[in-house]
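Listed here are the chains, written in short residue letters.
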Amino acid sequence: VGTFVTAVSAVDPDQGANGEIMYLIPFGMAEYHFTLDEKTGRIMSNATLDREETSQWTLTAYVKDSGYPSLYDTATVVIDVLDVNDHSPEFRDPVYRVEVTENKEMQVAHTVIATDKDSGDNGKVTYSIIDGNVDGKFTLDASTGVLSCAPLDRETLSTYNLTIRGRDGGRPRRSATCTVLINVMDDNDNDPVFEKPLYSKSIKESVRINTSILKVSATDADIGRNALITYSINNDADEIGRASCRE
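First, a word on what this report is: a plain description of the structure on this page. Every chain is numbered on its own, with residues counted from 1 as its sequence reads. The predicted nature of this model means local features are confined to residues of pLDDT at least 70 and side-chain atom pairs, given and counted, to a pLDDT of 80 or more, with totals for whole chains, interfaces and linings taken over all residues. Values shown for side chains rest on all heavy atoms present in the structure; no hydrogens or waters enter the calculation.

Attention now goes to the environment of serine 9. In this description a helix means any DSSP run of H or I spanning at least four residues, a strand means any run of E spanning at least two, and both kinds are numbered starting from the N terminus. For serine 9, the location among the structural elements is in the loop between strand E1 (4-7) and strand E2 (21-24). When the C-alpha positions of serine 9 and arginine 42 are compared, they lie 8.7 Å apart, and in sequence the two are 33 residues distant.

Laid out in structure tokens, this is it:
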């Protein structure tokens, strides 16, 4: 408020009162955001300006003499409101949850987008990963916000918690962050493994049918259906009475 914007100027070749001029703008023009000094023609701001609300104002300035009848002229004044970096980037959501299947070649996992109400460099957002990028598995395009990842191994690490920052190009720079939670989906890439490579048990020849002899056990590093294990035996015709364990 009270900041000099510009000035208008006019001349009147008449003499005396006929050559005395006065400047004015109609009452209420531009929502009272500007004033015009009737003697100097200086236009001043009369309210706080917000470029994001109104980026340009158009005024009609009048100048009239003091003669009778009074004569007048008009001029159009166009005021462009310049941007200052008064807004930070904004992500649509604070947290994004993404599922990525393990063992896939370089793939796009997600795209983060932040908007900035400012203009020019003040509103140009660049992106970076500032935390959580274990072993550098993820890359982020600084301009587009496209998040890509190298092949992942769920059995090594099943979740990633990435912190993404969006920064504008203003001075001083303003920024915002969001979180991308990566859940690595299982691929059936692990074989079941018996707890022991060899199981043996001595039994009597008179053992009854359906008598429990021993228990074999195996584990699978995968999860869900990929980790469900079934057991079977394979009778070796050359060695009657001996059993081996098979997946």
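This part covers the environment of threonine 163. Topologically, threonine 163 is positioned in strand E14 (residues 159-167). Any two residues whose heavy atoms approach within 4.5 Å are treated as being in contact. Excluding its chain neighbours within four sequence positions, the residues that come into contact with threonine 163 are Ser128, Ile129, Ile130, Asp131, Thr177 and Cys178.

A few words on the packing of aromatic side chains. Two aromatic rings from Phe, Tyr or Trp, using only the six-membered ring of Trp, form a pair when their centres are within 6.5 Å; if the ring planes differ by under 30 degrees the pair is stacked, by over 60 it is edge-to-face, and anything between is tilted. Applying the stated criterion across every chain yields a total of seven aromatic pairs. Note on phenylalanine 91 and tyrosine 127: the rings are 6.3 Å apart at their centroids and 50° apart in plane angle, and the pair reads as tilted. Highlighted residues: phenylalanine 91 in strand E7 (residues 90-91) and tyrosine 127 in strand E11 (residues 126-131), separated in sequence by 36 residues. Neither residue differs from the other here; phenylalanine 91 and tyrosine 127 are each classed as buried. Through successive ring pairs, a cluster of aromatic residues spans Phe194, Tyr199 and Tyr231. Relative accessibility thresholds used throughout: buried, under 20% of the residue-type maximum; exposed, over 50%; partly exposed, between the two (1.4 Å probe, protein chains only).

Looking now at the pairing of strand E6 (residues 72-80). Looking at chain direction, strand E5 (residues 56-65) and E6 are connected through nine bridges and run antiparallel. Paired with glutamine 56 across the two strands is aspartate 80, which belongs to E6. Adjacent in sequence and paired antiparallel, E5 and E6 are bridged by six residues. A pair of strands is treated as paired once DSSP finds two or more bridges between them.

Okay, the pattern of salt bridges next. Salt-bridge detection follows one rule: a side-chain nitrogen of Lys or Arg within 4 Å of a carboxyl oxygen of Asp or Glu. Per the counting criterion, the structure on display carries five salt bridges. The partner of arginine 51 in a salt bridge is glutamate 52, with the nearest N and O atoms 2.9 Å apart. For arginine 51, a relative accessible area of 17% translates into the label buried. Since its relative accessible area comes to 24%, glutamate 52 is described here as partly exposed. The partner of aspartate 93 in a salt bridge is arginine 92, with the nearest N and O atoms 3.2 Å apart. Of the residues examined, arginine 92 reaches a relative accessible area of 70% and is grouped as exposed. Taken together, the shared-partner salt bridges in this structure form one network comprising Arg51, Glu52 and Asp83.

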